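What follows is the residue order along each chain.
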Amino acid sequence: MKKHIGWIAGTTAAVLVAAGAITYAVAEDGGGSGQDVPSADGADAGFARDMAVHHQQAVEMSYIVRDRTTNTDVRRLAYDIAQTQANQRGMLLGWLDLWDLPKVSAKPPMSWMGMGDMPERGDGSLMPGMATDTELKKLGTLNGKQAEIFYLQLMTDHHKGGIHMAEGCVAKCTVEVEKNLAQGMVDAQQSELATMKQMLEERGAKPRD
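These numbers were taken from a predicted model, which means no experiment stands behind them.

Chemist: Looking at this structure, how should I read the packing of helix α5 (residues 144-172) against helix α6 (residues 176-202)?
Modeler: Two measures define how a pair of helices packs: the angle their axes make with one another and the distance between the axes. Running from amino to carboxyl end, α5 crosses α6 at an angle of 155 degrees, the nearest separation of the two axes being 8 Å. Taken together, α5 and α6 sit at an angle that is classed as roughly antiparallel. By crossing handedness, the relation of α5 to α6 is classed as left-handed. A class-by-class count of the residues in the contact of α5 with α6 yields 15 nonpolar, seven polar and five charged.

Shown next as structure tokens:
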């Protein structure tokens, strides 16, 4: 377990160190010339908007569970996820500012992936993998092992949805540094899925179907 957590912590540090360079680099790759700025309805802007929203919920869930358990491994994992995704969210929103594009869209989430007509779970769950408001409230009422299990299950679902979206950007985005960030999200979250599966097994539980 500690081996997995240590790797995640190292990855988080690397992401934080590289953030400034990646944000600057986007200006050199279709963000600063005024000629190659992505369109408001394209994949680059759509991914930035949608993943910023998706990431914000992961940050929220992670800080909730840190107040509901004293388990070191779960608290460390939650902190790493919160810090990494908050940092990435800042980059995504920063790119929208750089491109002078809106942070919200009248179109349904994931329209840039051709999934704008997908059915929503509702109750605050706007995109695949996102928890509902009811689930977030439930997480805030649990303690100890119960909170750990529910958080790991919710975050497993969340990562699966996030990976699907990031893979969409890898396939459709045109700004190279954004594609690279999306691929990094896929790689890191797949590793975290394996870690969370192991942590659930240690608690006699498993991911939700």
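Once the structure has been displayed, the description carries forward.
Chemist: Explain the nonpolar core to me, please; I cannot follow it from the model alone.
Modeler: In globular proteins that are soluble, nonpolar side chains generally tend to be buried together. Among the nonpolar cores identified, the biggest contains 54 residues, and Phe 47, Met 61, Leu 92, Tyr 151 and Met 165 are the most heavily contacted of them. In terms of residue count, the dominant contributor to this core is α5 (eleven residues). Ignoring anything within four residues of it in the chain, the contact list for Met 165 reads Phe 47, Asp 50, Met 51, His 54, Met 110, Trp 112, Met 113 and Met 127.

Chemist: For this particular structure, what's the right way to read the layout of surface pockets?
Modeler: Which parts of space are left empty comes out when a probe the size of a water molecule is rolled across the atoms. Put simply, the largest pocket is a space of about 270 Å³. In terms of lining residues, the largest pocket is bounded by 18 residues, among which Arg 49, Asp 50, Ser 105, Lys 107 and Pro 109 are the most central. Here the lining of the largest pocket is composed, by residue class, of nine nonpolar, four polar and five charged.

How each quantity is defined
Along each chain, numbering runs from 1 in the same order as the chain's sequence is written. Reporting in this predicted model follows two pLDDT cut-offs: at least 70 for local features of residues, and 80 or more for side-chain atom pairs to be given and counted; totals over whole chains, interfaces and linings ignore these cut-offs and use all residues. Hydrogens are left out, water is left out, and the side-chain values use all remaining heavy atoms of the structure. Lines fitted to C-alpha atoms define the axes here, with helix axes fitted over just the stretch in contact, and angles between the N-to-C directions of these axes take values from 0 to 180 degrees. Here a strand is any run of E in DSSP of at least two residues, a helix any run of H or I of at least four, and the numbering for each starts at the N terminus. Working rule for angles: under 35 degrees goes down as roughly parallel, over 145 as roughly antiparallel, 65 to 115 as roughly perpendicular, anything else as oblique. Left-handed describes a crossing whose near helix is turned anticlockwise from the far helix through less than a right angle; right-handed describes the clockwise counterpart. Basically, the charged four are Asp, Glu, Lys and Arg, the nonpolar ten are Ala, Val, Leu, Ile, Met, Phe, Trp, Tyr, Cys and Pro, and anything else, Gly included, counts as polar. Throughout, nonpolar core names a set of buried Ala, Val, Leu, Ile, Met, Phe, Trp, Tyr and Cys residues whose side chains join them through atoms within 4.5 Å. Each residue is placed in one exposure class: buried if its accessible area under a 1.4 Å probe, protein chains only, is under 20% of its type's maximum, exposed if it is over 50%, and partly exposed if it falls in between. Contacts were defined at the residue level, with two residues in contact if any of their heavy atoms lie within 4.5 Å. Cavity: a set of points on a 1 Å grid over the protein atoms alone where a 1.4 Å probe fits but cannot get out. Pocket: an open set with protein on both sides within 12 Å along at least five of seven lines, its lining residues, like those of a cavity, having an atom within 4 Å of a point. Grid points are joined across faces, edges and corners, and a volume is the space filled by probe spheres set on the points.

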